[in-house]
Amino acid sequence: MGSNDDIMHEFVKKELRKLYPSVDGWQIKPAAKSGAKEQGFIVARRILGKSEGAYVLVSFDRTVSPATVDSLMAMAKSEPIPGLASPKMILVVPQNTDVTGISREVTVLPMQNFAWEEKELIWLKRRNQMSEKTSAAKSS
């Protein structure tokens, strides 16, 4: 309880809630764990008699492997969205992640809060806060 992974996934859930707000009818639910380290979500809504939805897989890996995409596809097969024949496939990754080789059917969504800087995964908001404090200290 309270691990770094849990906290990082909370930031991703916040980003998803901004993209898919409940006020617009979107429902976001966690996908069943497939044993992989990635966390998956299913976003769906029914509006004006039409279903919309997507499978979202979150990965914090520096390089996205074919196994990660396979996990996304497996999630889509195991948990179909009712009334939707071809939902979107979305992979959420930190900025600067190597996504070469990802098929076009998968949309890559860069995170707003995390990025790879060389070999370090950094929290962008924290880095910005530290820069602001440093700038403020220098100007005083």
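Residues numbered from 1 in each chain as written. Predicted model: local features only at pLDDT ≥ 70, side-chain atom pairs only at ≥ 80, totals over all residues. Heavy atoms only, no water.

Brief notes about the pairing of strand β3 (residues 50–58)
Threshold: Partly exposed describes any residue whose relative accessible area lies between the buried limit of under 20% and the exposed limit of over 50%, with all areas from a 1.4 Å probe on protein chains only and scaled to the type maximum. Working definition: helices are DSSP H or I runs of at least four residues, strands are E runs of at least two. Numbering for both runs from the N terminus. Strand pairing is assigned whenever DSSP detects at least two bridges linking the two strands.
Where burial is concerned, most of β3 is hidden: seven out of the nine residues are buried. Across nine bridges, strand β2 (residues 39–47) lies against β3 in antiparallel orientation. When the sheet's bridge partners are listed, Val43 is paired in β3 with Ala54. The sheet contact formed by β3 and strand β4 (residues 88–95) spans five bridges and is parallel.

Describing the sheet that holds strand β1 (residues 27–30)
The pairing of strands in a sheet happens through backbone hydrogen bonds and is either parallel or antiparallel. We apply this condition: Only C-alpha atoms enter the line fits that serve as axes; for helices the fit covers just the stretch in contact. Angles between N-to-C directions range over 0 to 180 degrees. The contact definition used throughout considers only heavy atoms, calling two residues in contact when any of these lie within 4.5 Å.
Spatial ordering of the open sheet is given by β1-β2-β3-β4-β5-β6, a layout of six strands whose pairing is mixed. Looking at which strands have only one partner, the edges of the open sheet turn out to be β1 and β6 (120–123). Each strand of the sheet is rotated relative to its neighbour by a mean of 35 degrees, with strand direction disregarded. On top of the sheet, helix α2 (residues 66–78) reaches β2, β3, β4 and β5 (106–117); it is set at about 145 degrees to β3, its chief contact.

Describing unusual backbone geometry
A positive phi is found at Asn96, a non-glycine position, where the angle reads about 70 degrees. Take Asn96: it is sitting in the loop between β4 and β5. Given the relative accessible area of 52%, Asn96 is considered exposed. Positive phi, normally seen in glycine, also occurs at Glu118, with a value near 60 degrees. Structurally, Glu118 can be placed in the loop between β5 and β6.

Structural notes on the pairing of β5
In terms of strand pairing, β4 meets β5 through six bridges, oriented parallel. Within β5, the residue paired with Val92 across the bridge is Leu109. Here β5 runs beside β6; their pairing, made up of four bridges, is antiparallel. Paired with Glu117 across the bridge in β6 is Glu120. In sequence, β5 turns back onto β6 through a hairpin of two residues, with Glu118 there showing a positive phi of about 60 degrees.

A few points about the pattern of salt bridges
Cut-off, in case you're wondering: Put simply, a salt bridge is a Lys or Arg side-chain nitrogen that is within 4 Å of an Asp or Glu carboxyl oxygen.
By the definition in use, this model includes two salt bridges. When the shortest N-O distance is used, the salt bridge between Glu10 and Lys13 registers 3.3 Å. A residue pair is termed a helical-turn pair when its members lie 3 or 4 positions apart in one helix, as Glu10 and Lys13 do in helix α1 (residues 4–19) at three residues. Look at Glu10 and you get partly exposed, because its relative accessible area is 37%. Since its relative accessible area comes to 25%, Lys13 is described here as partly exposed. Notably, a salt bridge pairs Arg45 with Glu52, separated by 2.8 Å at the nearest N-O pair. Assessed through its relative accessible area of 22%, Glu52 is described here as partly exposed.

Here we look at the packing of aromatic side chains
Let me state the cut-off plainly: Under the pairing criterion, centres of Phe, Tyr and Trp rings, with the six-membered ring standing for Trp, must be within 6.5 Å; the plane angle then separates stacked pairs below 30 degrees from edge-to-face pairs above 60, leaving the rest tilted. A positively charged side chain is recorded as over a ring if its NZ (Lys) or CZ (Arg) lies within 6 Å of the ring centre. The angle to the ring normal must also be within 35 degrees.
Summed over all chains, the structure comprises four aromatic pairs. Relative to Trp123, the ring of Phe11 has its centre 5.5 Å away and its plane inclined at 55 degrees; by these criteria the two rings are tilted. Here Trp123 lies in strand β6 and Phe11 lies in helix α1, a separation of 112 residues in the sequence. Residue classification places Phe11 among the buried residues on the basis of a relative accessible area of 17%. An aromatic cluster of at least three residues, connected via ring pairs, comprises Phe11, Phe60, Phe114 and Trp123. Just above the ring of Phe11 sits the side chain of Lys14; from NZ or CZ to the centre is 5.7 Å.

Honestly, that's just the spatial picture; any functional story needs more than this.
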